[in-house]
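A structural walkthrough
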Amino acid sequence: MTEDIQDLVIAGSGVAGLSAAVYAARADFVPLVLEGDEPGGQLTLTTDVENYLGFPEGVGGMELIQRGKEQAEQFGAEFQHGSIESAEFDGQPLKLSLSTGESLRTRALIVATGASARWVGAEAEDELMGYGLSTCATCDGAFHRGDDVLVVGGGDSAMEEALFLARFADTVTVVHRRDELRASEIMADRARDHGGVEFAWNTELLAIDGSQEEGVTGATLVSHPDGYPTEKYEAGEDVEIEELDVGGVFYAIGHEPNTDFLRDTPVDLDDDGYVQTSTAGDTWATTATAADGVFAAGDVMDREYQQAVTAAGMGSMAALDVEEWLESAEAASTDSTGTIPTEADD
Ligand SMILES: Cc1cc2nc3c(=O)[nH]c(=O)nc-3n(C[C@H](O)[C@H](O)[C@H](O)COP(=O)(O)OP(=O)(O)OC[C@H]3O[C@@H](n4cnc5c(N)ncnc54)[C@H](O)[C@@H]3O)c2cc1C
């Protein structure tokens, strides 16, 4: 029995995967895009995107993704349901096992599987994400001019989000479950010294009020002088419950890169699981990973910027890197054997 070998599989159908698909398809490959559990990626969680170039009136997150998918399909990209569960990169072709039970073989792989923001677990967060609840102040802060907003978290990213939001919001309150911050001294000082940022210590978010029509209108907080109040509340201990009117809630408790399937492969991951790409020779940056034929783009390899436009840019870089890599691999294979394998024995 034989099984086709793809030229290029792209794992992820967020903005990085779609941009890679457009570039690769226009270069006459037929990229196969695996959509993962969240077809369209994180942008499908938001309503308005106002900072993506080319849309002066803003564009819906879902619409931007649908248009990107159409664009990729128009040039010949193919889409398939399923996520990669495990991968073997010890030689060519690369082997991928999918959540659907299928397996794929491919010469090249672009990992564009994103980094999912951690959610708190507060009541109504599923309904209100993208409707006043957000995981990205840079993306959604400007929608909250004059609002009272909450930022949940105590690390550097929570301080950054709070300081950014203080430019627009009337009040910014950092909700933190302990009485001391995990943030670096310098970031903590900046937030503490900023007149517009307040702190709710030993406090957690229990519930968010609002609707998709009205957006976020309020929040329920729980606090206890010894910290970690939710577990005390759930254990029936005495806690203080407070209901507040707020116009926005921002989660800033970190991201989880979707890289479990890479753990037993030669791809280098940093301590938090982000893919590490190499800088090679005189190239200032590359999307190549430590595994031959495996490239990465978007939030899964970028812990710093995590924006739609940067992810799209990296998707195009990965497709260009793959194109060059496939051409050299093809030349090397033709030189040594005179033929290029298109099928593999199963
Ligand atoms: C609420 C919200 C609002 C935002 N607003 C903005 C904004 O206004 N402007 C802006 O620039 N940015 C915004 N962002 C950030 C932006 O969405 C991300 O930076 C961008 O989506 C990253 O794109 P990506 O393709 O790298 O990853 P993602 O969008 O996370 O896509 C990852 C894809 O990989 C798939 N996947 C995951 N695991 C696997 C696997 N094992 N196998 C195969 N596929 C897999 C998923 O199903 C998904 O399709 C927002 C984010 C959120 C959450």
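Anyway, here's the lowdown on the structure attached to this text. Computed from a predicted structure; not experimentally measured.

Definitions and cut-offs
- Residues numbered from 1 in each chain as written.
- Predicted model: local features only at pLDDT ≥ 70, side-chain atom pairs only at ≥ 80, totals over all residues.
- Heavy atoms only, no water.
- Near = heavy atom within 4 Å.
- Polar contact = N/O pair within 3.5 Å; in protein donor to acceptor, adjacent residues only side chain to side chain.
- Helix = DSSP H or I, 4+ residues; strand = E, 2+ residues; numbered from the N terminus.
- Core = buried A, V, L, I, M, F, W, Y, C linked by side-chain atoms within 4.5 Å.
- Buried < 20%, exposed > 50% of the residue type's maximum accessible area, 1.4 Å probe, protein only.
- Contact = heavy atoms within 4.5 Å.
- 1 Å grid on protein atoms, 1.4 Å probe; cavity = no way out; pocket = protein on both sides within 12 Å on 5 of 7 lines; lining within 4 Å.
- Points joined across faces, edges and corners; volume = space filled by probe spheres on them.
- Nonpolar A, V, L, I, M, F, W, Y, C, P; charged D, E, K, R; others polar.
- Arc of directions from axis to C-beta.
- Expected span 1.5 Å × (residues − 1).
- Axes fitted to C-alpha atoms, helices over the stretch in contact; angles between N-to-C directions.
- Parallel < 35°, antiparallel > 145°, perpendicular 65-115°, else oblique.
- Left-handed = near helix turned anticlockwise from the far one by under 90°.
- Pairing = 2+ DSSP bridges.

With that settled, consider the site of the ligand. Taken together, 34 residues sit near the ligand, with Glu35, Glu38, Gln42, Asn51 and Ala308 positioned nearest. Interatomic distance of 3.4 Å between a backbone N/O atom of Asp37 and an oxygen atom of the ligand. With respect to the ligand, the backbone of Thr113 contributes an N or O atom lying 3.5 Å from an oxygen atom. Elements with a contribution of two residues or more to the shell around the ligand: α1 (15-26), α4 (137-140) and α8 (308-337).

For the rest of this paragraph, the subject is the nonpolar core. Within the largest apolar cluster, 58 residues are counted, with the highest numbers of intra-cluster contacts made by Ile84, Phe89, Leu96, Leu109, Ile110, Val111 and Val294. It is α8 that provides the largest number of residues to this core, a total of nine residues. Apart from residues no more than four positions distant in its own chain, Phe89 is found in contact with Leu94, Leu96, Leu109, Leu262, Thr265, Pro266, Val267, Ala291 and Val294. Formed by 23 residues, the second largest nonpolar core is a distinct cluster that contains Phe164, Leu165, Ala188 and Phe199.

A few words now on the layout of surface pockets. A volume near 410 Å³ is recorded for the second largest pocket. As for the second largest pocket, its lining consists of 20 residues, and the residues nearest its centre are Val120, Val152, Arg177, Glu204 and Ile253. For the lining of the second largest pocket, the secondary-structure elements that each account for two or more residues are β14 (203-211) and α7 (229-234). The element best represented in the lining of the second largest pocket is β14, accounting for four residues. Of the residues belonging to the lining of the second largest pocket, the class tally is nine nonpolar, six polar and five charged.

Residue pairs spaced three or four apart in an α-helix point in one direction, given the helix's 3.6 residues per turn. All of the buried residues along helix α6 (residues 185-193) are Met187, Ala188 and Ala191. Angularly, the buried residues of α6 cover 100° about the axis, an arc narrow enough to put them on a single face. Set apart from the buried face of α6 by more than 90 degrees, the exposed residues are Glu185, Ile186 and Asp193. For α6, the elements touching its buried residues are α5 (156-165) and β13 (197-200).

Before going further, it helps to spend a moment on helix α2 (residues 61-74). The end-to-end C-alpha distance of α2 is 20 Å, a good match for the 20 Å that 14 residues give at a rise of 1.5 Å each. Of the residues making up α2, those classed as buried are Gly61, Leu64, Ile65, Gly68 and Ala72. Looking down the long axis of α2, one finds its buried residues gathered within 95° of arc, a one-sided arrangement. Away from the buried face of α2 by more than 90 degrees, exposed residues Glu70 and Gln74 are located. In the core, the buried residues of α2 are packed alongside α1, β3 (48-49), β4 (59-60) and β5 (78-80). Immediately beyond the C-terminal end of α2, within one or two residues, lies Gly76, with a positive phi of roughly 110°.

What follows is about the packing of α5 against α6. Between two packed helices, both the angle of their axes relative to each other and the distance between the axes serve to describe the pair. Relative to each other, α5 and α6 sit at 30°, their axes nearing to 9 Å. What the angle tells us is that α5 and α6 run roughly parallel. The way α5 lies across α6 gives a crossing that is left-handed. Contact with α5, carried on its side by Asp156, Met159, Glu160 and Leu163, involves Met187, Ala188, Arg190 and Ala191 of α6 and no other residues of that element. Considered class by class, the residues forming the contact of α5 with α6 number five nonpolar, no polar and three charged.

Attention now moves to the pairing of strand β6 (residues 84-88). Pairing analysis gives four bridges linking β6 to strand β7 (residues 94-98), with the strands arranged antiparallel. Opposite Ala87, over in β7, you have Leu96 as the bridge partner. The hairpin turn running from β6 into β7, its antiparallel successor, is five residues long, and Gly91 in that turn takes a positive phi close to 105°.

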